[in-house]
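# Coordinates in review
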Amino acid sequence: MGEVNPAFIQDPQHRPKLSTIQAEGIPVIDLSPITHHTVSDPSAIEALVKEIGSACKEWGFFQVINHGVPLILRQKMEEASRLFFAQSLEEKKKVSRGESYTLGYYDTEHTKNVRDWKEVFDYLAQVPTSLPVTPDEHDDRVTRWTNPSPQYPPNFRVILQEYIQKMEKLSYKLLELIAMSLGLEAKSFEEYFIKDQTSFIRLNHYPPCPYPDLALGVGRHKDPGALTILAQDEVGGLEVKHKADQEWVKVKPTPDAYIINVGDIIQVWSNDAYESVEHRVLVNSEKERFSIPFFFFPAQDTEVRPLEELINEQNPSKYRPYQWGKFFVHRVSSNFKKQNVGNIQIYHYKIA
């Protein structure tokens, strides 16, 4: 990615803090009660639901093991990612994204108004994916997004699609556990995703950074969707802000585990019972880092609001409803256009 230039340096409030805790970090949860048994054990599932609920409430993040995703498939996906990013910039730019096409490759050093130290490749879970043309609530036009067509490495698209199928399967299982932990029916969230979901996978490459104290791999942020499932390599770098003390906690890489975090949509659906938590990625001065997040997003016409089963006179709705597609397109467009106001957040829909 070249040398760090002044426009690329994080401003002081987003630079890495020295207060990061050296801790084991977020909970590690064994999903074998729902993945490794032909006959379910009700008591084991009940215990698992409680674990999930506790992790969502206290951290907003957790790791899962025995998740049912074949290790060989993950290794294929990680190797394909490395091969793709190892190409020349000229080759990678053949599948570049832009203002009118926001999928494919981009390098944050060459993207305006972006300060993160990484390069990225985005790929839709379902094609075509319908999304609004603009975030304007009075504009009803919808466009159909399709995927880029990278020619290298061989079988790249086949591996991507097979991996995405496993991510979707795991996402549905996790949503069931989260729903049950909230006292809801297991399938309560499924209707928002079963048709026309807007999910996508992202491949991240963080090259070594010569000034790790002045830049971040990804600045502090919260994820806007429902769930994020992250595969990170042994280098690590992900940090989560612990709700209890507001300190940054390093997420220790666990072999073959996936890191899960609840996003803004779960926070709204749960009416703040569970919170979408800030996180960031630190860069490394010596080692490159790879990660693969899968973002589980509902259909574009989903109206996001607190679920009726979770609100009452004592716990009234804390959010006004918003349309997911408009919200998402606003977030995507802000990567390319300087705005007079900050990026849209769920707190803009908070009821005073």
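As a reminder, the structure under discussion sits directly above these lines.
Note that the structure is a prediction, hence the values are computed from the model and not measured.

Bringing the overall build of the chain into the picture now. Looking only at helices and strands, the chain has seven helices and 16 strands in total. When each of the 352 residues of the chain is scored for burial, the buried share is 51%. Here the chain displays about 16800 Å² of accessible surface, and carbon together with sulfur accounts for 49% of that area.

To continue, consider the packing of helix α3 (residues 71-85) against helix α5 (residues 156-181). For the pair α3 and α5, interaxial distance at closest approach is 10 Å and the crossing angle is 135°. Between α3 and α5, the crossing angle belongs to the class labelled oblique. Taken as a pair, α3 and α5 cross one another with a handedness that is left-handed. Contacts from L73, R74, K76, M77, A80 and F84 in α3 reach F156, I159, L160, E162, Y163 and K166 in α5. Among the residues making up the contact of α3 with α5, the classes are represented as eight nonpolar, no polar and four charged.

Summed over the entire model, instances satisfying the criterion amount to 24 aromatic pairs. Pairing F297 with W324 gives two aromatic rings, centres 4.8 Å apart and planes at 65°, and the pair type is edge-to-face. Residue F297 is located in the loop between β14 (289-296) and β15 (303-304), and its partner W324 is located in helix α7 (residues 324-333); the two are separated by 27 residues in the primary sequence. When its relative accessible area of 0% is taken as the criterion, W324 is described as buried. Among the aromatic residues, those joined into a cluster by ring pairs are W145, F200, F295, F297, Y322, W324, F327, F328 and Y349. The ring of Y258 is capped by R74, whose NZ or CZ atom sits 4.7 Å from the centre of that ring.

As a further point, take the packing of helix α2 (residues 42-58) against α5. In the contact formed by α2 and α5, the axes pass within 8 Å of each other and the chain directions differ by 85°. Taken together, α2 and α5 sit at an angle that is classed as roughly perpendicular. Along the contact surface, α2 presents I45, L48, V49, I52, G53 and C56, while α5 presents L177, I178, M180 and S181.

The antiparallel open sheet is built from four strands, whose spatial order is β8-β13-β10-β11. In this open sheet, the two edge strands, each paired with only one partner strand, are β8 (218-221) and β11 (248-250). If you compare each strand with its neighbour and ignore which way they point, the axes differ by 20° on average. Pairing geometry for strand β10 (residues 238-241) and β11, over three bridges, is antiparallel. From the neighbouring strand, V240 faces β11, where its bridge partner is V249.

Quick look at the nonpolar core now. Residues F121, F189, Y258 and W269 are the most contacted members of the largest nonpolar core, which totals 76 residues. Per-element tally for this core: the top contributor is α5, with 13 residues. Ignoring any residue separated from it by four or fewer positions in sequence, one finds F189 in contact with L175, I178, A179, L182, L184, I266, W269 and L307. Among the nonpolar cores identified, the runner-up in size contains 13 residues, and I26, W59, F61 and I259 belong to it.

Before going further, it helps to spend a moment on the sheet that holds strand β1 (residues 28-30). Backbone-to-backbone hydrogen bonds join strands into a sheet, with any given pair of strands oriented parallel or antiparallel. Spatially, eight strands are ordered β1-β2-β12-β9-β14-β7-β4-β3 in an open sheet, and the strand pairing comes out mixed. With one partner strand each, in any of the chains shown, β1 and β3 (104-107) form the two edges of the open sheet. Going from strand to strand, the sheet's axes swing by 25° on average, the running direction of each strand aside. As judged from the three bridges shared by β1 and strand β2 (residues 61-65), these two strands associate in the parallel manner. Counted as the bridge partner of I29 is V64 from β2. Where α2 meets the sheet, its contacts fall on β1, β2 and β12 (258-262), and the angle it forms with β1 comes to roughly 160°. Relative to strand β9 (residues 227-232), α5 is tilted by about 125°, and along the sheet it contacts β2, β4 (119-124), β7 (200-206), β9, β12 and β14.

Moving on, we come to the environment of F294. Its location among the elements puts F294 in strand β14. Each C-alpha atom of the pair F294 and A231 lies 8.6 Å from the other, and the pair is 63 residues apart in sequence. F294 has contacts with A125, I164, M167, E168, S171, S199, F200, I201, L227, T228 and I229, leaving out every residue within four places of it along the chain.

The step from V127 to P128 runs through a cis peptide bond, and the omega angle for that step is -10°. Structurally, P128 can be placed in the loop between β4 and β5 (129-132). Phi is positive for Q246, which is not a glycine, with a value near 60°. The exposure class of Q246 is partly exposed, given its relative accessible area of 48%. We note that D272 has phi near 75°; this positive angle belongs to a residue other than glycine. Among the secondary structure elements, D272 is positioned in the loop between α6 (264-269) and β13 (279-281).

Procedures and definitions
Residues numbered from 1 in each chain as written. Predicted model: local features only at pLDDT ≥ 70, side-chain atom pairs only at ≥ 80, totals over all residues. Heavy atoms only, no water. Helix = DSSP H or I, 4+ residues; strand = E, 2+ residues; numbered from the N terminus. Buried < 20%, exposed > 50% of the residue type's maximum accessible area, 1.4 Å probe, protein only. Areas by Shrake-Rupley, 256 points an atom, 1.4 Å probe, with all protein chains shown as cover. Axes fitted to C-alpha atoms, helices over the stretch in contact; angles between N-to-C directions. Parallel < 35°, antiparallel > 145°, perpendicular 65-115°, else oblique. Left-handed = near helix turned anticlockwise from the far one by under 90°. Contact = heavy atoms within 4.5 Å. Nonpolar A, V, L, I, M, F, W, Y, C, P; charged D, E, K, R; others polar. Phe/Tyr/Trp six-rings, centres within 6.5 Å; stacked < 30°, edge-to-face > 60°. Lys NZ or Arg CZ within 6 Å of the ring centre and 35° of its normal. Pairing = 2+ DSSP bridges. Core = buried A, V, L, I, M, F, W, Y, C linked by side-chain atoms within 4.5 Å.

Remember that the coordinates give geometry; whether it matters functionally is a separate question.
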